[in-house]
Amino acid sequence: MRSLFLYHCLRRDLTNFSLLRHRAFAGFMVSMHQSGTHWLKHMLASALTHKHGLPPPCYDHANEIIGGPREKRLHARLPRLASSHSIPHPLLGSSLVRGALKFPPYVVLVRDLRAVLVAGYEKWKAHYDCDFSTFLRGDVGGHRFDSDIWWCIRFYNAWGRLAARFPAATLVVKYESLRGDTLAGLEGINRFWALGLTQAELEHGIKASSKAKMAQKRDPNTPLGLTVVREDPRPAQEWFDSEDERFLEQTCRAWLKYDFGYGYRPADFS
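Predicted, not measured: the structure shown is a model, and the values here were computed from it. (Residues numbered from 1 in each chain as written. Predicted model: local features only at pLDDT ≥ 70, side-chain atom pairs only at ≥ 80, totals over all residues. Heavy atoms only, no water.)

Section: the packing of helix H5 (residues 113-128) against helix H7 (residues 149-165)
For clarity, the threshold we go by: The convention used is that axes are lines fitted to C-alpha atoms, helices contributing only their stretch in contact, and that angles between N-to-C directions extend from 0 to 180 degrees. Numbering goes from the N terminus for both helices and strands, where a helix is a DSSP run of H or I of at least four residues and a strand is a run of E of at least two. Roughly parallel refers to an angle under 35 degrees, roughly antiparallel to one over 145, roughly perpendicular to one between 65 and 115, and oblique to any angle outside these ranges. Crossing handedness is defined as follows: a turn of the near helix away from the far one that is anticlockwise and smaller than a right angle gives a left-handed crossing, while the clockwise case is right-handed. Contact between two residues is taken to exist if any of their heavy atoms lie within 4.5 Å; hydrogens are not considered. Note that Gly is not counted as nonpolar here; it falls among the polar residues with everything else outside the nonpolar set of Ala, Val, Leu, Ile, Met, Phe, Trp, Tyr, Cys and Pro and the charged set of Asp, Glu, Lys and Arg.
Running from N to C, H5 and H7 point in directions that differ by 140°, and their axes come no closer than 10 Å. As far as their axial angle goes, H7 and H5 are oblique. The way H5 lies across H7 gives a crossing that is right-handed. Each of Leu113, Val116 and Leu117 in H5 lies in contact with H7, whose residues at this interface are Ile149, Cys152 and Tyr156. Of the residues in the contact of H5 with H7, the class split is six nonpolar, no polar and no charged.

Structure below.
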C-alpha cells in the first residue's frame, strides 16, 4: 500500500499544473469537497454584486461570479476570483518559483475529516453502491471514489505545507469557524483579498445565502438523484465503529502531516 500511495501522489501531483497555469486572479479559493464551498462562494458573490449594483448569482454555486479558473469573466467591474478543489503542484512550494512568478492569495477552506468523509459518502452513496466502512477505506489508487480519505490526506498535507511555508499568501478558513461566526470569517477573507466590502454588504451576503434561499437556486443541470443535503442526521463520529476508528487512527498516524488543528495528528490519538 505504501508504494502504491506514494506513486499515486507523485503521479497526480506532478501532472497537475492547473494552479501554476492559472495565476491571474485577485483571489483564489481552494476547498475540500463537502466543506461549504457553495455557501461561501454564494455569500461572497452576493455581497460583491450588491456592492457593485449587479444581478445576484443565478444559482447556489455562484459559478458565474466565482467560478473555475477557465470560466469566462462575467462582470468586468468585479475582482477576478476563482475557485477549485485542486491540490497544488509541488513547485508552488518553491521559493524560487514564487519569486519568479506572481501567484494570487489563496483562501483554503477546510473541514473536519470525519465530517467530510460522511458528507461525501452521503452525496455519492447511490453511485458507490457500498457500505460506509468500505468507502472509508477508500481506493489508494484513486480510481473508485471521489475525495476519499486518501484524497483528503493529500489535500491536508499539500495545503498545510504551503500555509506553513507562505503564511502571508495563504489564509486557512475552517468550515466550523465560519459556521460559528460567519461575519468574522467573511471579514477575514474581505481583508485578505482586499475586496473593499463593508459590514452591511457582508451581512447582505449572509442573509442572501440561507439554506432556504439557496435551496431555491439549485442549478437544474445538477445530476438527478445526487444527494446534496445529508439524509442521515447522525453526528459524523457516530458513523465510525471500532474497526473504522482503528483504521482512521492508523492511517492518520502513517500519512497525515498537517491536520489544521482538528486532532488527527499521531500525538492526538495517544
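A look at the pattern of salt bridges
Note the threshold: Here, a salt bridge means any side-chain nitrogen of Lys or Arg that lies within 4 Å of a carboxyl oxygen of Asp or Glu. Any residue under 20% of the maximum accessible area for its type is buried, any over 50% is exposed, and the rest in between are partly exposed; the area is computed with a 1.4 Å probe on protein chains only.
Scanning the model with the defined rule gives six salt bridges in all. Of the charged contacts in the structure, one is a salt bridge between Lys51 and Glu201, with a shortest N-O distance of 3.8 Å. Taken together, the positions of Lys51 in helix H3 (residues 37-52) and Glu201 in helix H10 (residues 199-207) put the pair 150 residues apart, joining distant regions of the chain. You can call Lys51 partly exposed: its relative accessible area is 32%. Here Arg253 and Glu249 are joined by a salt bridge, their closest N and O atoms 3.1 Å apart. Placement of the pair is Arg253 and Glu249 together in helix H12 (residues 242-255), with a separation of four residues, close to one helical turn.

Looking at the sheet that holds strand S3 (residues 106-110)
The condition that has to hold: Paired strands are those between which DSSP finds at least two bridges.
One open sheet accounts for four strands, arranged S2-S1-S3-S4; its pairing is parallel. Of all the strands in the sheet, just strand S2 (81-84) and strand S4 (170-174) have a single pairing partner and so form its edges. Each strand axis lies, on average, 20° off the axis of its neighbour in the sheet, ignoring direction. Inspection of the sheet shows strand S1 (residues 27-31) paired to S2 by four bridges, in the parallel sense. Across the sheet, the residue bridging to Met29 is Ser83, located in S2. Across the sheet, H7 touches S1, S3 and S4, and the angle it forms with S3 is around 140°. Strand contacts of helix H9 (residues 182-193): S1, S2, S3 and S4, with the helix running at about 165° to S4, the strand carrying the most contacts.

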